[in-house]
Amino acid sequence: MEIDPYVIDVLLPDLVGHDRHPSAYLTYLYLYRHTADKAAELSLRQIAEGTGLSRRAVQAALARLEGRGLVDIERDSITSVGRYTVNRPWQGSR
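A brief report on the enclosed structure follows. The written sequence of each chain sets the order in which its residues are numbered from 1. Local features in this predicted model are restricted to residues of pLDDT 70 or higher, and side-chain atom pairs are both shown and tallied only at a pLDDT of 80 or more, whereas totals for entire chains, interfaces and linings draw on every residue. Only hydrogens and water are removed before side-chain values are computed, so all heavy atoms of the structure are retained for them.

A short note on the pattern of salt bridges
Inference 1: Whenever a carboxyl oxygen of Asp or Glu lies within 4 Å of a side-chain nitrogen of Lys or Arg, that contact is scored as a salt bridge. Applying the stated rule across the entire model yields 7 salt bridges.
Inference 2: Of the charged contacts, one joins Asp14 and Arg68 as a salt bridge, the two residues approaching to 2.3 Å between their closest N and O atoms. Linking Asp14 in helix α1 (residues 5–18) with Arg68 in the loop between α4 (55–67) and β2 (71–74), this pair joins segments that are 54 residues apart in sequence.
Inference 3: Relative accessibility thresholds used throughout: buried, under 20% of the residue-type maximum; exposed, over 50%; partly exposed, between the two (1.4 Å probe, protein chains only). Overall, Asp14 belongs to the partly exposed group, its relative accessible area being 22%.
Inference 4: Residue class for Arg68 comes out partly exposed when judged on its relative accessible area of 36%.
Inference 5: Close ionic contact of Asp19 with Arg64 constitutes a salt bridge, the shortest N to O distance being 3.6 Å. Taken together, the positions of Asp19 in the loop between α1 and α2 (22–35) and Arg64 in helix α4 put the pair 45 residues apart, joining distant regions of the chain.
Inference 6: For Arg64, a relative accessible area of 30% gives the class partly exposed.
Inference 7: Linked by salt bridges that have partners in common, Asp14, Asp19, Arg64 and Arg68 make up one network. Counting from the N terminus, the helices are DSSP H or I runs at least four residues long and the strands are E runs at least two residues long.

What follows is the structure, given as structure tokens:
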């Protein structure tokens, strides 16, 4: 897997250093890896197990990422599995 340098050079210090939310960065990396330029259906449990975070930490991270426009989340209902799309706004794509 190739990671865009922006993810390391800009998002890492921004999310971890400035925002002080390393859980958001870990969640973004996990989704970046598992979406591969398309939407992916993943449960909170899958993301939590894949990142080593608690489900609550994943929920908070997803809210932060969605608020910053880095991730789009679709759900059929509040309890359904989410469909996640990773955005790369630095490339002009959403």
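A few points about helix α3 (residues 44–51)
Inference 1: Within α3 the residues assigned to the buried category are Leu44, Ile47, Ala48 and Thr51. For α3, the buried positions fall inside an angular range of 100 degrees around the axis, keeping them on one side. Opposite the packed face of α3, turned more than 90 degrees from it, sit the exposed residues Arg45 and Glu49.
Inference 2: Two residues qualify as a contact provided that any one of their heavy atoms is within 4.5 Å of a heavy atom in the partner residue. Each element contacted by the buried residues of α3 is listed here: α2, β1 (40–42), α4 and β3 (82–86). Summarising the geometry, the arc corresponds to the directions from the helix axis toward the C-beta atoms.

A word on the sheet that holds β1
Inference 1: As summarised here, the arrangement of the 3 strands in space is β1-β3-β2, forming an open sheet in which the pairing is antiparallel. Both edges of this open sheet fall to β1 and β2, since each of them pairs with a single strand only. Adjacent strand axes in the sheet meet at a mean angle of 35 degrees when their direction is disregarded.
Inference 2: As paired elements, β1 and β3 share 3 bridges and run antiparallel to each other. Paired strands, in this sense, are two strands between which DSSP finds at least two bridges. Working convention: axes come from line fits to C-alpha atoms, limited for helices to the stretch in contact. Angles between N-to-C directions cover 0 to 180 degrees.

Observations regarding the nonpolar core
Inference 1: Throughout, nonpolar core names a set of buried Ala, Val, Leu, Ile, Met, Phe, Trp, Tyr and Cys residues whose side chains join them through atoms within 4.5 Å. Ranked by internal contacts, the top residues of the largest apolar core, which has 24 residues, are Tyr28, Leu31, Ile47, Leu62 and Tyr84.
Inference 2: Counting only elements with at least two residues in this core, the list comes to α1, α2, β1, α3, α4, β2 and β3.
Inference 3: The element that contributes the greatest number of residues to this core is α2, accounting for 6 residues.
Inference 4: Setting aside residues up to four positions removed in sequence, Leu31 forms contacts with Leu42, Ile47, Leu62, Val71, Tyr84 and Val86.

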